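# A closer look at the structure
What follows is each chain in one-letter form.
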Amino acid sequence: MRILYHHRTRSTDAQRIHILEMVKAFQTLGHKVEMVSLVPIDAGMEDAARDAGDALWKKLVRRIPFSYDLVQLGYNVVGIPMLLARCFRDRVDFIYERYSLFNLAGVLVGKLCRVPVVLEVNSPFALEQQRDREIRLVGFAAWIERLICNLASHVIVVSTPLRRILEGAGVRPEKIEVMSNGVCLEHFQPQPASADLRRELGLDGHTVIGFVGWFREWHGLELLLEAFHRSGLAHEQVKVLMIGDGPAMPGLQDYVRANGLGDSVVFTGPLPHAKIPPYLDIIDVAVQPAANEYCCPMKILEYMALGKAIVAPRQENIQELLREGEEAVYFTAGDAGSLGDALRGVVGNPERAADLGRAARAAISGRRYLWTANAERTAELVKVAER
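Read on for a plain summary of the structure. (Residues numbered from 1 in each chain as written. Predicted model: local features only at pLDDT ≥ 70, side-chain atom pairs only at ≥ 80, totals over all residues. Heavy atoms only, no water.)

### Quick look at unusual backbone geometry
Where we set the bar: Every helix listed is a DSSP run of H or I at least four residues long, and every strand listed is a run of E at least two residues long, numbered separately from the N terminus.
Located in the positive-phi region is F66, a residue other than glycine, with phi close to 75 degrees. Mapped onto the secondary structure, F66 falls in the loop between α3 (56-61) and α4 (67-89).

### Structural notes on helix α10 (residues 221-231)
We count it as follows: The cut-offs for exposure are 20% and 50% of the maximum accessible area for each residue type, with area from a 1.4 Å probe on protein chains only; residues under the lower value are buried, those over the upper are exposed, and the others partly exposed.
For α10, the complete set of buried residues consists of L221, L223, L224, L225, A227, F228 and S231. G232, located one to two residues past α10, shows a positive phi value of around 80 degrees.

### Digging into the packing of helix α15 (residues 336-347) against helix α16 (residues 350-366)
Convention followed: Between the N-to-C directions of two axes lies an angle of 0 to 180 degrees, each axis being a line fitted to C-alpha atoms and, for a helix, fitted only over the stretch in contact. Angle categories: roughly parallel below 35 degrees, roughly antiparallel above 145, roughly perpendicular from 65 to 115, and oblique for all the rest. A contact between two residues is defined here by any heavy atoms of the two lying within 4.5 Å. When residues are grouped by polarity, Ala, Val, Leu, Ile, Met, Phe, Trp, Tyr, Cys and Pro land in nonpolar, Asp, Glu, Lys and Arg in charged, and all others, Gly among them, in polar.
Remark: α15 packs on α16, axes separated minimally by 6 Å, with the N-to-C direction vectors making an angle of 100 degrees. The pairing of α15 with α16 is recorded here as roughly perpendicular in orientation. Between α15, through G345, V346 and V347, and α16, the contact on the second element is made entirely by P350, R352, A353 and L356. The residue makeup of the contact of α15 with α16, split by class, is five nonpolar, one polar and one charged.

### Concerning the sheet that holds strand β11 (residues 309-313)
To keep it simple, the criterion reads: Two strands pair if DSSP finds at least two bridges between them.
Spatial ordering of the open sheet is given by β9-β8-β7-β10-β11-β12, a layout of six strands whose pairing is parallel. Looking at which strands have only one partner, the edges of the open sheet turn out to be β9 (265-267) and β12 (329-331). Here the average twist between neighbouring strands, direction ignored, is 25 degrees. Of the strand pairs in this sheet, strand β8 (residues 238-243) and β9 are connected by three bridges, and their pairing is parallel. Following the sheet pairing, M242 is matched in β9 by F267. Of the strands in this sheet, β7 (207-212), β8, β9, β10 (285-287) and β12 touch α10, which is tilted by about 170 degrees from β8.

Pasting the structure below:
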């Protein structure tokens, strides 16, 4: 099949990984994929600082009321003719679009060219950008999100809670398919930790609790540090490894200094994605300190693929991925005491931690949390609709 993959993103961090992996998965299955976007998918791949920050234009327009809404709407002036030209030039079996707020390009071109459109929805942006106070046209945003989803041939969402949000907003239930994010197991093979890197980071002889990602306020990283501090694990040959960077970094460093954790918390700073695996190998217990209620955290799936013992908040979208007590240890979301108890329970029992990691990795194949499985299901959705 010939697929046009359309997106309107900066190609940063998890967005880029998701796009690249789905394209590779389609190609592995023998499909031909062409990218349609303003930003090349490999933009900033070696620039971790770029990934960690916001685009300059966003910083500017957010200061002017309605500007962020209008800039997003304005993309259609470019996106529609760009996508239309590709459809006219080549035969297309379907358009696969990563959903963005106010982006009508995919569904309108799909209707004009009579081409099926598969819409991948990772977030309910009308709700999310209202919560973050980024948009002013709240009612219009909700209406246009509903319109875009209902015009699409199929809507893929990454969790059951996200499905409920869209259905509650008026998206037709028969259009929606739940499909968790995935991994490529060939890219995530558990490896022995580098002794040199452990020494370089001052982690020799310590159990390592780790987090990898971009440091933003809603990632719950201060909760992790508070839980670690309150648990007393810093006095028991345990350290925290924080892999990444982001806007929340100064606050985290202030917390570490204020609570005398300087010898127990290690910050790597920004790292290109390709250089992260050796750091992940060092982690003994991987933590997802917080997550919104509708996402499918890619880092959890990567932790699973690497056979890590996982500690995560007890909430539906995460419980869809991991069985409690068998493949992960859960804590009460937002509760530092509960998180500290969960960490202590796993750190204090290395045998249990190893069992959790093995079971988590087995679950990847057993439940087909694989990019190729997602690509296969997506193509089948289109084929079934055409019969």
